[in-house]
Amino acid sequence: MERAILLHLICVAFLSVSLVTAEDPYKFYTWTVTYGTISPLGIPQQVILINGQFPGPRLDVVTNDNIIVNLINKLDQPFLLTWNGIKQRKNSWQDGVLGTNCPIPPNTNFTYKFQTKDQIGSYTYFPSILMHKAAGGFGGINVYARPRIPVPYTLPTADFTLLIGDWYKTSHKALQQLLDSGKSLPFPDAILINGRTQSSFTGDQGKTYMFRISNVGLSTSLNFRIQGHKMKLVEVEGSHTVQNLYDSLDVHVGQSVSVLVTLDQPPKDYYIVASTRFTKLILAGAMLHYANSQTQVSGPVPAAPTGQMDWSMEQARTYRWNLTANAARPNPQGSFHYGKVTPTKTIVLANSAPLINGKQRYAVNRISYINADTPLKLADYFNIPGVFSTNSIQGVPSSGSASLSTSVMLASLHDFAEVVFQNNENTMQSWHLDGYDFWVVGYGVGQWTQAGRKSYNLEDALTRHTAQVYPNSWTAILISLDNQGMWNMRSAIWERQYLGQQFYLRVYDPVRTPANEYGIPTNVLLCGKATGRHE
């Protein structure tokens, strides 16, 4: 009897150790990037395919999965992918932008290794260099909760991923030449849904489906709606939301939202519409098809909201964190009281559109970013001087002419920062920060002042990775800088990013330890002044 009890205790102890030390699951992918010819607008044009697909393959993964993507570049240009909204905890080495990674040369490969650490939600990936994003190469990333972590809604019957965005007939190389010559991009030719002007989604009457909607376009805010159906907002970029009902939703460049739609109408086909906002009207149509429908779509196409900027800003203020819901972990989203933390610094970032040397550029606090031939991450790691500047971009706007610089802003690990995006232009802005999500605490009209803090939502603001800024207005966010690395802060509007509306945030601790940041990858690509460098 005693021997049996002893064996039982040994087995329990062994099982406990195994459970503690077991790694999270690995998922392996091989993606080949090529050109292909398709006709999304009725005329043949060259696009970027991944494994022959446009859009690229969807990544369906689970919280804490380890993702291994072997990417083979068969283009005639260097190539990089970035994982939009995946936080890359302690791992900016895998961020896939020019400040952190050398481009993958033609006819070579690079293997990305990252983890969806403590994340759930709807995200995207896309090409991060040149104007490749205008040719495709983008796709959806759906991070599902682990089975033992409940979500705050009844599981839908199925998911639909909708990648919506503006599109050009002009090739990506010709668009790049326009920008390089100092000109702006023309107005887009169309809106696509999943790479088409017409798509169809089929469901059963009485059942509920999740629509994961992401704006993967270059420049245009879009409004999304479904004829005759309400949309229940349940998740925004990794945050479970208060479940309000909407007739339509504004989705700005780089943003993702997830809604539940119940097929509670008479069986027929219904319009799905994505249309441009605040500009000349272009729309893309898709169809919601009831499986038992014998009736084709009919009636007027559901109209866009008649309200403009004020309407959109007010809708944005209705997005609230579901404080009682968990996220990727069992503890409630509201267990961290962000509104009670005193910021250690305030940064105000003003965008502008200066001419520099007679060419159109875009700037942040009068500094228009230029790419270096050496990734800033490598220059920092190997202590290579002269690659980037830490004193060119300032934390507050100032008057004067704009200039060019490879600009890096310094921050200390565990700073808690208040960042204000000040937009003094007449155009819509969209800002993204790699490696983080942040609380979007306030929107306001005109010039931000400290009095604007009185309007902040310090209780249940959403965390997200991309925030819109309305014309002649401001948006305020709070960020806990707990992810060490070199992180890209950029305009999600690709022309503006390409022509300088970006910089890098170096979140740093002088102690180099894996507890703060993982070491340099064994397969790291070396280029520029880092060529030939080793540990």
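This text goes with the structure placed above it.
Residues numbered from 1 in each chain as written. Predicted model: local features only at pLDDT ≥ 70, side-chain atom pairs only at ≥ 80, totals over all residues. Heavy atoms only, no water.

1. Overview of the overall build of the protein chain
Argument step 1. Helix and strand counts for the protein chain stand at 5 helices and 35 strands.
Argument step 2. Its C-alpha atoms give the protein chain principal-axis dimensions of roughly 90 × 70 × 55 Å.
Argument step 3. Expressed as a percentage of contacts within the protein chain between residues at least 6 apart in sequence, the contacts between residues at least 24 apart total 78%.
Argument step 4. When the accessible surface of the protein chain is summed, it comes to about 21700 Å², and 54% of that surface belongs to carbon and sulfur atoms.
Argument step 5. Here the protein chain contributes 42 positive and 35 negative side-chain charges, whose respective centroids are spaced 2 Å apart. (Helix = DSSP H or I, 4+ residues; strand = E, 2+ residues; numbered from the N terminus. Contact = heavy atoms within 4.5 Å. Areas by Shrake-Rupley, 256 points an atom, 1.4 Å probe, with all protein chains shown as cover. Lys, Arg positive; Asp, Glu negative; His and termini not counted. Charge placed at Lys NZ, Arg CZ, Asp CG, Glu CD.)

2. Focus: a nonpolar patch on the surface
Argument step 1. A contiguous nonpolar surface patch, about 270 Å² in accessible area, is contributed by Leu281, Leu283 and Val301.
Argument step 2. Within the fold, Val301 resides in the loop between strand S20 (283-290) and helix H3 (309-317).
Argument step 3. The exposure class assigned to Val301 is partly exposed, which follows from its relative accessible area of 38%. (Patch = residues over 30% accessible without salt bridge, like charges linked within 9 Å, V, L, I, M, F, W, Y side chains within 5 Å. Salt bridge = Lys/Arg side-chain N within 4 Å of Asp/Glu carboxyl O. Buried < 20%, exposed > 50% of the residue type's maximum accessible area, 1.4 Å probe, protein only.)

3. Section: the sheet that holds S20
Argument step 1. One open sheet accounts for 5 strands, arranged S11-S20-S19-S13-S17; its pairing is mixed. Strands at the two margins of the open sheet, each flanked by one partner only, are strand S11 (200-203) and strand S17 (248-251). When the angles between neighbouring strand axes are averaged without regard to direction, this sheet yields 20°.
Argument step 2. Relative to S17, H3 is tilted by about 95°, and along the sheet it contacts strand S13 (222-226) and S17. (Pairing = 2+ DSSP bridges. Axes fitted to C-alpha atoms, helices over the stretch in contact; angles between N-to-C directions.)

4. Structural notes on H3
Argument step 1. Along H3, the residues classified as buried are Ser312, Met313, Gln315 and Ala316. Buried residues along H3 cover an arc of 160° about the axis, so they all sit on one side.
Argument step 2. On its buried face, H3 sits against strand S16 (245-246), S17, strand S30 (438-445), strand S32 (466-469) and strand S33 (473-481). (Arc of directions from axis to C-beta.)

5. What to know about empty space enclosed by the protein
Argument step 1. A complete count under the given rule lists 6 cavities of 30 Å³ or more for this structure.
Argument step 2. There is about 100 Å³ of room inside the largest cavity.
Argument step 3. Together, 15 residues line the largest cavity, and Phe138, Gly165, Asp166, Trp167 and Val216 are the ones closest to its centre.
Argument step 4. Of all the elements, strand S9 (residues 158-167) adds the most residues to the lining of the largest cavity, at 5 residues. (1 Å grid on protein atoms, 1.4 Å probe; cavity = no way out; pocket = protein on both sides within 12 Å on 5 of 7 lines; lining within 4 Å. Points joined across faces, edges and corners; volume = space filled by probe spheres on them.)

6. Examining the state of the cysteines
Should the sulfur atoms of two cysteines be covalently bonded, the bond is a disulfide.
Argument step 1. One pass over the full model with this rule turns up 1 disulfide.
Argument step 2. In this model, Cys102 is linked to Cys527 through a disulfide, with the two sulfur atoms separated by 2.2 Å. On the sign convention where negative means left-handed, the S-S torsion of about -95° between Cys102 and Cys527 marks this disulfide as left-handed. With Cys102 in the loop between strand S5 (81-84) and strand S6 (108-115) and Cys527 in the segment after strand S35 (502-508), the pair connects residues that are 425 residues apart, well separated along the chain.
Argument step 3. Given a relative accessible area of 5%, Cys102 falls into the buried group.
Argument step 4. What makes Cys527 buried here is its relative accessible area of 18%. (Disulfide = S-S within 2.5 Å.)

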